[in-house]
Amino acid sequence: MNNEITTYTPHVMVIEKITHEAPGVKTFRLRFKDPQEGEAFQFKAGQFGEYSAFGEGESTFCIASSPTRKGMIECTFRQAGRVTTGLSKLEEGDTMGFRGPFGNTFPLDQWRGKNLLFVAGGIALPPMRCVIWNALDRREEFGSITIVYGAKSVADLVYKEELREWALRPDVNLVVTVDPGGETPDWTGEVGFVPAVLEKVAPDSQHTVAIVCGPPIMIKFTFPVLEKLGFEDEYIYTTLENRMKCGVGKCGRCNVGKLYVCKDGPVFTKAQLNDMPPEY
């Protein structure tokens, strides 16, 4: 098949299930309308796609499901602009478009035998969810797994059912926090901003890989905490999704220095970020 056709022509996807995660945030479980396309489709943790509401355009989201879960993909998005508003109007059974996968990946094979620390904030948990489930489905390959996740309020926490599932697992250390003022009377988790809670938890940096994803302000204050805890820049990973549009390095919107986030990323180590212009 012509590579250009497969790159620019979207797969037709059927919305199998819609989950309302938080105010304005939904998760779509998508299956390929053509079963043969679904059987042939492969991706790795960290890659993203272009999701389209026909007649409205495309938006870039990570693939939020694990590559170990075959036959479907999931995406989670917040209604914010024209395309996501168009997507949010779709119902179960409707069709939409998907192009991908694009971008590089989290190197799970290189992490074998290491401890994993996931640090996420708000709507940035979806890119982490893909890697978390990928690691949990290959649980025997890794050491301890710690997840530190926070949101503005209890209502803003996404994947609430999965958070409860992870909390019950004896092989996962889950710490969930909400910003001060975002707690409810029955809230039993932490109250505080993610960087402060991470410093309180103080995970061991020895033989540990840290994966961080969240709003820029959260990442800005989380990196110094990781440095204080002894994490080296080469073992701190994050994923960038800012400004990506075409997914294949043609439009130039995600260009930064010599790099294109969509082609050279979206997964980068902190060591690589150190060589980028200050705005990243």
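Below, the structure is looked at part by part.

The subject of this paragraph is the packing of helix α4 (residues 125–136) against helix α5 (residues 160–168). Each pair of packed helices gets described by two things: the angle between the helix axes and the distance between those axes. α5 packs onto α4 with a crossing angle of 40° between their chain directions and a minimal axis gap of 13 Å. When the interaxial angle is binned, α4 and α5 end up oblique. Handedness of the α4/α5 crossing: left-handed. Facing α4, whose interface residues are Leu125, Arg129, Ile132, Trp133 and Leu136, α5 presents Glu162, Leu163, Glu165 and Trp166.

A word on helix α6 (residues 194–201). Taken as a whole, α6 has its buried residues at Val194, Pro195, Val197 and Leu198. In an axial view of α6, the angular spread of the buried residues amounts to 165°, which keeps them on one side of the axis. Looking at the packing, one finds that the buried side of α6 touches β7 (115–121), β8 (145–151), β9 (173–178), β10 (190–191) and α7 (216–229). One or two residues past the end of α6 sits Ala202, with phi positive at roughly 50°.

Within the structure shown, the criterion is met by 11 aromatic pairs. Their ring planes at 65° and their centres at 5.1 Å tell us that Trp111 and Tyr237 sit as a pair that is edge-to-face. Of this pair, Trp111 sits in the loop between β6 (95–102) and β7 while Tyr237 sits in strand β12 (residues 236–239); the two residues are 126 residues apart in sequence, bridging distant segments of the chain. You can call Trp111 buried: its relative accessible area is 2%. Aromatic rings pair up to connect Phe28, Phe32, Phe41, Phe43, Tyr51, Phe61, Phe77 and Phe98 into one cluster. The ring of Trp133 has Arg69 sitting right over it, with the charged end atom 4.6 Å from the ring centre. Lying across the ring of Tyr159, Arg129 places its NZ or CZ 4.5 Å from the centre.

Let us now look at the packing of α6 against α7. It is at 8 Å that the axes of α6 and α7 come closest, and there the two elements cross at 15°. In terms of orientation, α6 and α7 fall into the roughly parallel class. For the crossing formed where α6 meets α7, the hand is right-handed. Contact residues: Val194, Pro195, Leu198 and Glu199 in α6; Met218, Phe221, Thr222, Val225, Leu226, Lys228 and Leu229 in α7. Here the residues of the contact of α6 with α7 sort into eight nonpolar, one polar and two charged.

About the cut-offs
- Residues numbered from 1 in each chain as written.
- Predicted model: local features only at pLDDT ≥ 70, side-chain atom pairs only at ≥ 80, totals over all residues.
- Heavy atoms only, no water.
- Axes fitted to C-alpha atoms, helices over the stretch in contact; angles between N-to-C directions.
- Helix = DSSP H or I, 4+ residues; strand = E, 2+ residues; numbered from the N terminus.
- Parallel < 35°, antiparallel > 145°, perpendicular 65-115°, else oblique.
- Left-handed = near helix turned anticlockwise from the far one by under 90°.
- Contact = heavy atoms within 4.5 Å.
- Buried < 20%, exposed > 50% of the residue type's maximum accessible area, 1.4 Å probe, protein only.
- Arc of directions from axis to C-beta.
- Phe/Tyr/Trp six-rings, centres within 6.5 Å; stacked < 30°, edge-to-face > 60°.
- Lys NZ or Arg CZ within 6 Å of the ring centre and 35° of its normal.
- Nonpolar A, V, L, I, M, F, W, Y, C, P; charged D, E, K, R; others polar.

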